[in-house]
Amino acid sequence: SVPAAILSALSAAARGGVLFKGGAALETLAEVRAFAFDKTGTLTTGQAEVTGIYAEDADRFLCKIAGLEAHSEHPIADAIRRATAERGLQPDPVTDVMAHPSEGITGRDDQGPIWAGNPRMAARMGADLPHLEGVSNGAETLIWLGRGAVLMGAITVADRPRDSSRDALAALKARGVTVALMTGDRRPVAERIGAELGLAPDDIHAGLMPEDKVDLVAGLAAKGRVAFVGDGVNDAAALARADVGIAMGAAGSEVALQAADVALLSEEMGQLAAAHRLAARTARIIR
Ligand code: ADP
Ligand code: MG
């Protein structure tokens, strides 16, 4: 039977919005020495905003890219859909849509296959990327739209840290835990967000594919127990690999929740440090 101390810790954590799938996850959390965080939708709000459109006809471009993103649950897709609706525009019909985690999205319109995604995806499609002055090296997320190797334009999206993220990372560090940021987004964006959160450049890992997150978690696991916190389809494998997988519960994807041991229902990231403290205290009681 589950010790009473664990049961009461589980219910205390739940009151703070930290839902453990079982007592074992709480016991493992007590031993966690490193926390790795996804960026988009985890340390940041997931309420991204469109900040620029680089196309001959911005409205036509928006309709096209929104047609693709209508099928995606990514925070970027949400920002593009909102920008389209705000201009009173309708997304173009797009079929055969497929998500490519950490890269973008592909589909088909009345003229054939189209795609939207990051510079890596553009390169995979054979597109030659022009240097967008002030954008290509900038600290905003950059998404290209193309048909095969032909580029149709680009859009920039910016997200911002959750109000509670910076203090939450500091609280974990104060507990002697190492923290790291792991994102599929580009380095300049990761460094801007990381700097706002007080992270050192060495603790920031950018341009990652889902399997890269798994490898980095495995690397940390060689030194002690690891928790991974994420929201996306692209985080599912890292959540499963971590000793404690923690999924963002409110706006996170279903796959992330399924792969995780813990759901964070609160927007208050400080609850993670509180849960770590609670787990450690409970471990001392039952030992
Ligand atoms: P993070 O790891 O920070 O959550 P993701 O791995 O989800 O970020 O996304 C990494 C990059 O992949 C994004 O910055 C974007 O360029 C591209 N991307 C992912 N999903 C989409 C999408 N639905 N539409 C366009 N681009 C996308
Ligand atoms: Mg994410």
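Residues numbered from 1 in each chain as written. Chains lettered and ligands numbered in written order. Predicted model: local features only at pLDDT ≥ 70, side-chain atom pairs only at ≥ 80, totals over all residues.

Going by the annotation in an unreviewed UniProt entry, the name recorded for the protein chain is P-type Zn(2+) transporter, with Gemmobacter lanyuensis given as the source organism.

Turning our eyes to something else, we now look at the pairing of strand 5 (residues 104–109). Two elements, strand 4 (residues 95–100) and strand 5, share 4 bridges in a ladder whose sense is antiparallel. Paired with M98 across the two strands is T106, which belongs to strand 5. In sequence, strand 4 turns back onto strand 5 through a hairpin of 3 residues, with S102 there showing a positive phi of about 70 degrees. The sheet contact formed by strand 5 and strand 6 (residues 112–117) spans 6 bridges and is antiparallel. Residue T106 lies in a different strand from strand 6, and its bridge partner there is W115. (Pairing = 2+ DSSP bridges. Helix = DSSP H or I, 4+ residues; strand = E, 2+ residues; numbered from the N terminus.)

What follows covers the site of ligand 1. Around ligand 1 sit 23 residues in total, of which K39, T40, N118, T183 and G184 are the nearest. Among the elements of the structure, helix 3 (39–43), helix 5 (75–86), strand 5, strand 6 and strand 7 (141–147) are those that each provide at least two residues to the shell around ligand 1. Top element by residues in the shell around ligand 1 is helix 3. It accounts for 3 residues. For the shell around ligand 1, the per-class residue count stands at 5 nonpolar, 13 polar and 5 charged. Split by domain, the residues of the shell around ligand 1 number at least three in each of domain 1 (4–45 + 160–286) and domain 2 (49–158). (Near = placed C-beta within 6 Å. Nonpolar A, V, L, I, M, F, W, Y, C, P; charged D, E, K, R; others polar. Domains from an automatic or database assignment.)

Mapped onto the fold, A237 is located in helix 10 (residues 236–241). Placed 27 residues apart in sequence, A237 and P210 show a C-alpha to C-alpha distance of 6.8 Å. Setting aside residues no more than four positions away along its own chain, A237 makes contact with P210, E211, K213 and V214. (Contact = placed C-beta atoms within 7 Å.)

Their axes nearest at 9 Å, the elements helix 4 (residues 58–69) and helix 5 cross at an angle of 135 degrees. Taken together, helix 4 and helix 5 sit at an angle that is classed as oblique. The element helix 4 and its partner helix 5 pack so that their crossing is left-handed. Touching L62, C63, I65, A66 and E69 of helix 4 are A77, I80, R81, A83 and T84, all from helix 5. When the residues that make up the contact of helix 4 with helix 5 are grouped by side-chain class, the tally is 7 nonpolar, 1 polar and 2 charged. (Axes fitted to C-alpha atoms, helices over the stretch in contact; angles between N-to-C directions. Parallel < 35°, antiparallel > 145°, perpendicular 65-115°, else oblique. Left-handed = near helix turned anticlockwise from the far one by under 90°.)

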